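Spelled out, the chains give:
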Amino acid sequence: MSESAPLNVLLVEDDDVAAEAVVRSMQRAGIPCSVTWVEDGQAALEVLRGQDTKHHVPRPRLILLDLNMPGMNGFEFLEVVRAAPLLKEE
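Residues numbered from 1 in each chain as written. Predicted model: local features only at pLDDT ≥ 70, side-chain atom pairs only at ≥ 80, totals over all residues. Heavy atoms only, no water.

Draft legend 1. Focus on the overall build of the chain. A count of helices and strands for the chain gives three helices and three strands. Overall, the chain shows an N-to-C arrangement of helices and strands of β-α-β-α-β-α. In terms of principal-axis extent, the alpha carbons of the chain reach across some 35 × 30 × 25 Å. In the chain, which comprises 90 residues, the proportion classed as buried is 30%. Within the chain, counting contacts between residues at least 6 apart in sequence, those at least 24 apart form 69% of the total. With the model as given, the accessible surface of the chain reaches about 6,000 Å², and the carbon-plus-sulfur share is 52%. (Helix = DSSP H or I, 4+ residues; strand = E, 2+ residues; numbered from the N terminus. Buried < 20%, exposed > 50% of the residue type's maximum accessible area, 1.4 Å probe, protein only. Contact = heavy atoms within 4.5 Å. Areas by Shrake-Rupley, 256 points an atom, 1.4 Å probe, with all protein chains shown as cover.)

This is the structure in C-alpha cells:
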C-alpha cells in the first residue's frame, strides 16, 4: 500500500455515538481513510463477501470491531472470518 493511498476501514459498531467518535477521531488525526460503517457482525461479513448492496468497497486493510453487539457479536464474527479461507489473509 502506498503512503498516498487512503486506508480502507471497516467499522463494525452498533452504537451511533461511538461510531461517529471513531470517524471524527480519525479525521482529526489527519488519517486519510475511507470508513465503511456497519452495525453488526453479519452485516460486516456481507461487506467482506461482496454481498452488501449498499457498500461496494475494496477489501479493508483495517477492521475496527465492537465485541459486544446484538445478533452476531464480535467474537462470533472473528470465528467465521478465521474459518473462511477467502476472508482471512495469509
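Draft legend 2. How the structure looks around the sheet that holds strand β2 (residues 33-38). As summarised here, the arrangement of the three strands in space is β2-β1-β3, forming an open sheet in which the pairing is parallel. For this open sheet the edge positions go to β2 and β3 (62-65), each flanked by a neighbour on one side alone. The mean angle between the axes of side-by-side strands here comes to 20°, regardless of whether they run parallel or antiparallel. Across six bridges, strand β1 (residues 7-12) lies against β2 in parallel orientation. Bridge assignment links Leu-11 to a residue of β2, and that residue is Trp-37. Sheet strands in contact with helix α1 (residues 16-28) are β1, β2 and β3, and its direction is about 175° off that of β2. Each of β1, β2 and β3 touches helix α2 (residues 41-49); the most contacted strand, β1, lies at about 150° to it. (Pairing = 2+ DSSP bridges. Axes fitted to C-alpha atoms, helices over the stretch in contact; angles between N-to-C directions.)

Draft legend 3. How the structure looks around the environment of Asp-66. Relative to the elements of secondary structure, Asp-66 occurs in the loop between β3 and α3 (74-83). Taking the C-alpha atoms as reference points, Asp-66 and Asp-14, separated by 52 residues in sequence, lie 7.6 Å from one another. When sequence neighbours within four positions are dropped, the list of residues in contact with Asp-66 reads Val-12, Glu-13, Asp-14 and Gly-74. Of the polar contacts made by the side chain of Asp-66, one reaches the backbone nitrogen of Asn-68; its length is 3.0 Å. (Polar contact = N/O pair within 3.5 Å; in protein donor to acceptor, adjacent residues only side chain to side chain.)

Draft legend 4. Structural detail: α1. With 13 residues, α1 ought to run about 18 Å at 1.5 Å a step, and its terminal C-alpha atoms sit 18 Å apart, in line with that. Between the side-chain oxygen of the N-cap and the backbone nitrogen of Val-17 there are 2.8 Å, and the N-cap of α1 in question is Asp-15. At the exit of α1 stands Gly-30, carrying a positive phi of roughly 75°. (Expected span 1.5 Å × (residues − 1).)

Draft legend 5. Just the nonpolar core, in detail. In terms of nonpolar packing, the biggest core is built from 13 residues, with Leu-10, Val-12, Val-38, Ala-44, Leu-45 and Phe-77 touching the most fellow members. Within the residue set of this core, elements represented by two or more residues are β1, α2 and α3. With four residues, the single largest contributor to this core is α2. Beyond its immediate sequence surroundings of up to four residues, Leu-45 is in contact with Met-72, Phe-77, Val-80, Val-81 and Leu-87. (Core = buried A, V, L, I, M, F, W, Y, C linked by side-chain atoms within 4.5 Å.)

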